[in-house]
Amino acid sequence: MKTLKHARVGSTAKVVKLHGEGAVKRRIMDMGITRGVEVYVRKVAPLGDPVEVTVRGYELSLRKADAEMIEVE
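Bear in mind that the values here come from a model prediction, so they are computed numbers and not experimental data.

1. Observations regarding the side chain of T3
Next, step 1: Relative to the assigned elements, T3 resides in strand 1 (residues 2–3).
Next, step 2: Classification of T3 as buried rests on a relative accessible area of 2%.
Next, step 3: Only 2.8 Å separates the side chain of T3 from the side chain of H6, close enough to count as a polar contact.
Next, step 4: Residues in contact with T3, not counting those within four places in the same chain, are A67, E68, I70, E71 and V72.

2. Brief notes about the nonpolar core
Next, step 1: In this structure, L4, V15, I33, V53, L62 and I70 are the most contacted members of the largest nonpolar core, which totals 19 residues.
Next, step 2: Of all the secondary structure elements, the ones that give two or more residues to this core are strand 2 (12–18), strand 3 (38–44), strand 4 (51–55), strand 5 (58–62) and strand 6 (70–72).
Next, step 3: With residues up to four places along the chain from it excluded, the contact list for V15 reads I33, T34, R35, G36, V37, V39, I70, E71 and V72.

Each value, and the rule that gives it
Residues numbered from 1 in each chain as written. Predicted model: local features only at pLDDT ≥ 70, side-chain atom pairs only at ≥ 80, totals over all residues. Heavy atoms only, no water. Helix = DSSP H or I, 4+ residues; strand = E, 2+ residues; numbered from the N terminus. Buried < 20%, exposed > 50% of the residue type's maximum accessible area, 1.4 Å probe, protein only. Polar contact = N/O pair within 3.5 Å; in protein donor to acceptor, adjacent residues only side chain to side chain. Contact = heavy atoms within 4.5 Å. Core = buried A, V, L, I, M, F, W, Y, C linked by side-chain atoms within 4.5 Å.

This is the structure we're talking about:
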């Protein structure tokens, strides 16, 4: 299983599944990250947290813990 946390900078990944439950999963979905959407990894902070991505035409910063809940291919 490859997660968004492990995606390389400059790559585009397609969301396969969202892990987690309840409010955390709802918050990720409210940010526009849903199954089937393409996510471009713009940059990663020096210590790996946060991860900056482009999704649905806007930039978004995700915590490492949240990026680990997003399964991509």
